[in-house]
Amino acid sequence: PAAIAVGALMVAAAIYELGPSLSPWVTPAEISNELKTSGIFAYVRHPIYGGLLLFCFGLGIVSNSANRLVLTAVLYYLLELKSELEEVNLEAKYEAYRTYKTTVTSKFLPDPRSLYQQLQQR
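Reference entry: report on the structure contained in this document. (Residues numbered from 1 in each chain as written. Predicted model: local features only at pLDDT ≥ 70, side-chain atom pairs only at ≥ 80, totals over all residues. Heavy atoms only, no water.)

**With respect to the environment of Tyr94**
To keep things clear, this is the line we draw: Helix and strand definitions here come from DSSP, where helices need a minimum of 4 consecutive H or I residues and strands a minimum of 2 consecutive E residues; each element is numbered from the N-terminal end. For the exposure calls, accessible area comes from a 1.4 Å probe over protein chains only, and a residue counts as buried if that area is under 20% of its type's maximum, exposed if over 50%, partly exposed in between.
By the secondary structure assignment, Tyr94 is in the loop between α3 (66-93) and α4 (97-103). Taking the relative accessible area as the measure of exposure, Tyr94 reaches 8% and is therefore buried. When the C-alpha positions of Tyr94 and Glu34 are compared, they lie 7.9 Å apart, and in sequence the two are 60 residues distant.

Structure (structure tokens):
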């Protein structure tokens, strides 16, 4: 149940923070001229994907469904491919994305050690 709740919160936070800049495509929204690096994006580069994966994993565990866990693994693979294309486009649109990518090394889920260190610094 915790994975489902945390996953849903990650998705909701990221959607809220992106606002009108949210795009389902691999290209950044035209409306967006600013790279989002604060809030949840300070900890993970693709929080919607990470939250979705966490939610699906939790659902597979709670429902004791091997099929759902396999589908979650397939979803991970597809989101990995999509995020690679997105990052190429983000680097092309935002000069700062390359630096952001080296600063925020967690792609889908935050690394607990670096999350702890970042929270201590605040």
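**Some points on the layout of surface pockets**
Empty space among the atoms can be located by rolling a probe the size of a water molecule over them. Rules: Note on definitions: the grid is 1 Å and covers protein atoms alone; a cavity is a set of points where a 1.4 Å probe fits but cannot get out; a pocket is an open set with protein on both sides within 12 Å along at least five of seven lines; lining residues have an atom within 4 Å of a point. Grid points are joined across faces, edges and corners, and a volume is the space filled by probe spheres set on the points. Polarity classes work like this: nonpolar for Ala, Val, Leu, Ile, Met, Phe, Trp, Tyr, Cys and Pro, charged for Asp, Glu, Lys and Arg, and polar for all others, with Gly in that last group.
Each pocket or cavity is described by its volume, and for the largest pocket that value is around 600 Å³. Elements supplying a minimum of two residues to the lining of the largest pocket: α1 (2-18), α2 (47-62), α3 and α4. Split into classes, the residues belonging to the lining of the largest pocket amount to 18 nonpolar, six polar and six charged.

**Observations regarding α2**
Inclusion rule: The span expected for a helix works out to 1.5 Å for each residue beyond the first. The contact criterion used throughout is that any non-hydrogen atoms of two residues lie within 4.5 Å.
The end-to-end C-alpha distance of α2 is 22 Å, a good match for the 22 Å that 16 residues give at a rise of 1.5 Å each. Residues Pro47, Tyr49, Gly50, Gly51, Leu53, Leu54, Gly58 and Gly60 constitute the buried set of α2. In this structure, the buried side of α2 is in contact with α1 and α3.

**Observations regarding the nonpolar core**
Filter applied, for reference: Buried Ala, Val, Leu, Ile, Met, Phe, Trp, Tyr and Cys residues form a nonpolar core when they are joined through side-chain atoms within 4.5 Å.
Counting 13 residues, the largest nonpolar core has Met10, Leu35, Ile40, Phe41, Tyr94, Tyr97 and Tyr100 as its most contacted members. Mapped onto this core, the elements with two or more residues apiece are α1 and α4. At three residues, α1 tops the list of elements feeding residues into this core. Those residues in contact with Tyr100 that sit more than four places away from it in its chain are Leu35, Lys36, Thr37, Phe41, Val44 and Arg45.

Structural measurements only, silent on function.
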